[in-house]
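The chain contents come next:
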Amino acid sequence: AAEHVGEAAKGAIKGAVEGGATAAEEGTTAAEGAAEQGAATAAEEGTTAAEEAGQKTAEEAQEQAAREFIERFNASADKALDSVDANKVNHIMENAEHPLGHNWETIFGGQKPTWEQLKSVLKEVMRQEGSEVAKQEGSNIYIRCMEYNGREVLVKYLKDDAGFVSRVSTAYMRFQNAGDA
């Protein structure tokens, strides 16, 4: 009888150990599965975070490139206005064919401006990014405009293949209202 009890105890212990091992294996498998799932989720989230970071970096790079282009455009516009020759200055300041369009006194309080005074206004006009219009499709001739002291001031210019100002063609004014003199 004691032998049977001993055998029964051994069997129970063996069953418990085997059951425990199976449970342990199943636990390990579950743990491994959870770990794999967690790693996969983390990897997906990491990829998403990396993609978002990459997207932000790309957007930041585009914004930086746009800022640099605007700076270079403005510098090219300044250079073009600074290098206008005396004949072109005379044409812009006083134009017998279009006297109203070049009557700069109307925006300078009745006083005839110097070229330097007018040039500073024209540089402001060239910084009006949203106002650029192509003279005609496929042309490298553009116009930018801005309201200044009740008049619309326009600058017509040429752009090179890189999109920068290569030279100023002319500058003039338009009255905002047809009946306005």
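Bear in mind that the values here come from a model prediction, so they are computed numbers and not experimental data. (Residues numbered from 1 in each chain as written. Predicted model: local features only at pLDDT ≥ 70, side-chain atom pairs only at ≥ 80, totals over all residues. Heavy atoms only, no water.)

Student: What's the story with unusual backbone geometry in this structure? I'm lost.
Tutor: Glycine aside, negative phi is the norm for most residues, and most peptide bonds take the trans geometry. At Asn149, a residue that is not glycine, the phi angle is positive and equals roughly 50 degrees. Among the structural elements, Asn149 can be located in the loop between strand 2 (141–148) and strand 3 (151–159). Note on Asn149: relative accessible area 54%, which makes it exposed. (Helix = DSSP H or I, 4+ residues; strand = E, 2+ residues; numbered from the N terminus. Buried < 20%, exposed > 50% of the residue type's maximum accessible area, 1.4 Å probe, protein only.)

Student: Please clarify how the pattern of salt bridges should be interpreted in this entry.
Tutor: Any two side chains of opposite charge can pair, given that their charged atoms come close. Scanning the model with the defined rule gives eight salt bridges in all. Notably, a salt bridge pairs Lys119 with Asp82, separated by 3.0 Å at the nearest N-O pair. Placement of the pair is Lys119 in helix 3 (residues 115–126) and Asp82 in helix 1 (residues 2–82), with a sequence separation of 37 residues. Residue Lys119 is classed as buried on the basis of its relative accessible area of 8%. Put simply, Glu132 and Arg144 hold a salt bridge, and the shortest N to O gap is 3.1 Å. Separated by twelve residues along the polypeptide, Glu132 in the loop between helix 3 and strand 1 (133–134) and Arg144 in strand 2 bring together distant segments of the chain. The exposure class assigned to Glu132 is partly exposed, which follows from its relative accessible area of 26%. Members of the salt-bridge network, linked through shared partners, are Asp82, Glu116, Lys119 and Lys123. (Salt bridge = Lys/Arg side-chain N within 4 Å of Asp/Glu carboxyl O.)

Student: Is there a simple way to explain the pairing of strand 2 in this structure?
Tutor: The side chains of a regular strand alternate, residue by residue, between the two faces of the sheet. In the sheet, strand 1 pairs with strand 2 via two bridges, with the strands oriented antiparallel. Directly across from Ala134, in strand 2, lies its bridge partner Tyr142. Taken together, strand 1 and the strand that follows it, strand 2, pair antiparallel across an intervening segment of six residues, in which Gly138 is found at a positive phi of about 80 degrees. Here eight bridges tie strand 2 to strand 3, and the two strands are oriented antiparallel to one another. Across the sheet, residue Met146 finds its bridge partner in strand 3, namely Val153. Taken together, strand 2 and the strand that follows it, strand 3, pair antiparallel across an intervening segment of two residues, in which Asn149 is found at a positive phi of about 50 degrees. (Pairing = 2+ DSSP bridges.)

Student: Hey, could you run me through the packing of aromatic side chains in this one?
Tutor: The description of an aromatic ring pair uses the distance of the two centres, along with the angle that the planes make with each other. The tally for this structure, following the rule as stated, stands at five aromatic pairs. Judged by centre distance (6.2 Å) and plane angle (70 degrees), the rings of Phe73 and Tyr157 are edge-to-face. Here the residue Phe73 occupies a position in helix 1, and Tyr157 occupies one in strand 3, the gap between them amounting to 84 residues. These aromatic residues form a ring-pair network of at least three members: Phe69, Phe73, Tyr142, Tyr157 and Phe164. Between Lys159 and the ring centre of Tyr142, over which it is positioned, the NZ or CZ distance is 4.1 Å. (Phe/Tyr/Trp six-rings, centres within 6.5 Å; stacked < 30°, edge-to-face > 60°. Lys NZ or Arg CZ within 6 Å of the ring centre and 35° of its normal.)

This is a description of form; function is not addressed.
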